[in-house]
Amino acid sequence: MKKNNKKWSSRFAEPTSEIVKRYTASVSFDQRLAMFDIQGSLAHAQMLKKQKVISASDLRLITKGLNQIKKEIIAQKFKWSIDLEDVHLNIENRLTQIVGESGKKLHTGRSRNDQVSTDMRLYLRDVVDQIIDRIETLQASTLNLADKHISSIMPGLTHLQVAQPISFAHHLHAYFEMLQRDKVRFIDARKRINILPLGAAALAGTSYPIDRKFIAKLLKFDGVMENSLDAVSDRDFLIEFNSNAALLMTHLSRWSEELIMWSSSFFEFIEISDGFCTGSSIMPQKKNPDVPELVRGKTGRVTGHLVNLLTLMKGQPLAYNKDNQEDKEPIFDVSDTVLDTLNIFSEMISKLKIFPKNMEAAASKGYPTATDLADYLVKKGMAFREAHGVVAKIVKFAIDQNCDLDKIELKVLQKFSQLIEKDVFNSLTLKGSVQSRKHIGGTSSKSVIAALKNARSKLTK
Ligand code: ARG
């Protein structure tokens, strides 16, 4: 009979078939956790020595062996074997090859179940810190652009129709605020990621005199998980992370959609720099906004992974089940996608070319100051609902005459309402409309300058 070389093989009479080996192994993808796995093992070994479960010489050898393995992995000399199933067994096996008996003691008082959850938390904490940092970089790029466009007027849209004139900086600040909430969501999720599961062992804890708080301190966790079954089985921290990532990508996808529209010949509000676009193999005139299109496209896969993880979790009884091995590929993909997207987006925003004249020209079409005219009448004493009706008639008149509101003569305007006087024209210009909205959150220069100042103060670097 063919020899079964699995770690747990002695209990089995039959060897594992090749297809089952391939189906159940995770080493092809979970080797990405190697450095975190070693970091966790080093801390576990130190704790075992402190608690006198292993000797000082065991610890010395384990540390030496793990450090050597680290080097082998970095130099890409480490031989990963599918026979050893996953990253944990590969490293443990190599450790024993290098240091002998002491290597066999590393797994005392732990299981791969608490080990893998620890690895994922160490990995994710690192990713989350990078994401927070990169969101800040994008926020800073956004503010730098906004600072230059406080008095650039663009059409504010509802239903993709011209609604009211707004400052372009005000529009950019809206994305800053979304990113701020995204960032705070990651900061908050980090608190729940950064709790130590190690010590839960397979599911029920261990009978060795372990010191979990000691390991938590070594690995810079903020605390230890309070229930061993929960510690090895729940992946809510991954789902929460993925959900935050999906929201962040959704915001960037909306923004991408605007960049794509704004750079089209129908709008011509902006130009995306050449490095973020490609040409067409057939149409020589084309410059396609590939990067924002892909941000929009990749949002789908990040959201898809969220559904994947929620579905993965929903039917699992306590405690650990092998289903959870399937959490890794989606989480790695979400992490890579979000980190790359944030990097590329910041650079794209900092290199945007803006055409404020085209924005303003577009804002003047479609009677965007009609609400201002209604407000004007209200301030002169008319009830808003009535003013709304009067202005609707004036707009209809302007459409028939094919002219802007501020081009209608005063005498003509007065036929619609005697309340209209010469000062009405202040309300009919784009600038007058924008500057009149001077409360917190409004689009006037005064409000936007205050908002941008406030926004800057939320950046930590
Ligand atoms: N590769 C496994 C995973 O990613 C590690 C834990 C396996 N535990 C077990 N008892 N089979 O979940």
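Here's what I pulled together on the structure shown here. Just so you know, these numbers come straight off a predicted model, no measurement behind them.

**Concerning the nonpolar core**
- One finds I131, W255 and L259 to be the most contacted residues of the largest nonpolar core, which totals 94 residues.
- Of all the elements, helix α6 (residues 112-147) adds the most residues to this core, at 13 residues.
- When residues no more than four places from it in sequence are discounted, the contact partners of L259 are I270, I272, P292, F345, M348, I349 and L352.
- By size, the runner-up hydrophobic cluster in this structure holds 20 residues, among which are L373, M382, V395 and I420.

**Brief notes about the packing of aromatic side chains**
- Applying the stated criterion across every chain yields a total of nine aromatic pairs.
- Ring geometry for W255 versus F345: centroids 5.2 Å apart, planes at 55 degrees, classification tilted. With W255 in helix α10 (residues 236-262) and F345 in helix α12 (residues 328-350), this residue pair connects regions lying 90 residues apart in the sequence.
- Note on W255: relative accessible area 1%, which makes it buried.
- Overall, the relative accessible area of 0% leaves F345 in the buried class.
- Taking NZ or CZ as reference, K50 lies 4.9 Å from the ring centre of F214, over its face.
- Across from the ring centre of F237, 3.8 Å away, lies the NZ or CZ of R121, which sits over that ring.

**Some thoughts on the site of the ligand**
- As a structural note, the neighbourhood of the ligand is formed by S26, D86, H88, R112, N113, V116, Y320, Q325 and K328.
- Between the ligand and Q325, the relevant distance is 2.8 Å, taken from a nitrogen atom to a side-chain nitrogen or oxygen of the residue.
- Separating an oxygen atom of the ligand from a side-chain N or O atom of K328 is a distance of 2.6 Å.
- The element best represented in the shell around the ligand is α6, accounting for three residues.
- Classifying every residue of the shell around the ligand gives two nonpolar, four polar and three charged.

**Digging into the packing of helix α3 (residues 34-50) against helix α5 (residues 87-99)**
- Their axes nearest at 10 Å, the elements α3 and α5 cross at an angle of 60 degrees. Classified by the angle between their axes, α3 and α5 sit oblique to one another. Where α3 crosses over α5, the two elements pack in a sense that is right-handed. Residues A34, D37 and I38 of α3 pack against V87, H88 and I91 of α5.
- In terms of residue class, the contact of α3 with α5 is built from four nonpolar, one polar and one charged.

**Here we look at helix α13 (residues 356-364)**
- Among the residues of α13, M359, A362 and A363 are the ones counted as buried. Down the axis of α13, the smallest arc covering the buried residues is 100 degrees, so these residues share one side.
- Here the buried face of α13 lies against β1 (153-158), β2 (161-167), α7 (168-193), β5 (270-271), β6 (353-354) and α18 (430-435).
- Downstream of α13 by one or two residues, G366 has phi in the positive range, about 90 degrees.

**Notes on the pattern of salt bridges**
- One pass over the structure, following the stated rule, counts 33 salt bridges.
- Put simply, R192 and E240 hold a salt bridge, and the shortest N to O gap is 2.6 Å. Remark: E240 occurs in helix α10 and R192 occurs in helix α7; sequence separation between them is 48 residues.
- Several salt bridges converge on common partners, so that one network encompasses E85, D86, R112 and K322.

**A few points about unusual backbone geometry**
- Residue A319 is bonded to the preceding L318 through a cis peptide linkage, with omega at 0 degrees.
- You can see A319 is positioned in the loop between α11 (290-314) and α12.
- In this structure, K52 takes a positive phi of about 65 degrees despite not being glycine.
- Relative to the helices and strands, K52 is located in the loop between α3 and α4 (56-74).
- A relative accessible area of 73% places K52 in the exposed class.

**As for the environment of D274**
- Summarising the element assignment, D274 is placed in the loop between β5 and α11.
- On the accessibility criterion, D274 (55% relative accessible area) is exposed.
- Taking the C-alpha atoms as reference points, D274 and K351, 77 residues apart in sequence, are found 9.6 Å from one another.
- A polar side-chain atom of D274 sits 2.8 Å from a polar atom in the side chain of K287.

**Topic: a nonpolar patch on the surface**
- Where nonpolar side chains cluster on the molecular surface, the patch consists of L203, L229 and L318 and spans about 270 Å² of accessible area.
- Along the chain, L229 turns up in helix α9 (residues 228-233).

Parameters at a glance
- Residues numbered from 1 in each chain as written.
- Predicted model: local features only at pLDDT ≥ 70, side-chain atom pairs only at ≥ 80, totals over all residues.
- Heavy atoms only, no water.
- Core = buried A, V, L, I, M, F, W, Y, C linked by side-chain atoms within 4.5 Å.
- Buried < 20%, exposed > 50% of the residue type's maximum accessible area, 1.4 Å probe, protein only.
- Helix = DSSP H or I, 4+ residues; strand = E, 2+ residues; numbered from the N terminus.
- Contact = heavy atoms within 4.5 Å.
- Phe/Tyr/Trp six-rings, centres within 6.5 Å; stacked < 30°, edge-to-face > 60°.
- Lys NZ or Arg CZ within 6 Å of the ring centre and 35° of its normal.
- Near = heavy atom within 4 Å.
- Polar contact = N/O pair within 3.5 Å; in protein donor to acceptor, adjacent residues only side chain to side chain.
- Nonpolar A, V, L, I, M, F, W, Y, C, P; charged D, E, K, R; others polar.
- Axes fitted to C-alpha atoms, helices over the stretch in contact; angles between N-to-C directions.
- Parallel < 35°, antiparallel > 145°, perpendicular 65-115°, else oblique.
- Left-handed = near helix turned anticlockwise from the far one by under 90°.
- Arc of directions from axis to C-beta.
- Salt bridge = Lys/Arg side-chain N within 4 Å of Asp/Glu carboxyl O.
- Patch = residues over 30% accessible without salt bridge, like charges linked within 9 Å, V, L, I, M, F, W, Y side chains within 5 Å.
- Areas by Shrake-Rupley, 256 points an atom, 1.4 Å probe, with all protein chains shown as cover.

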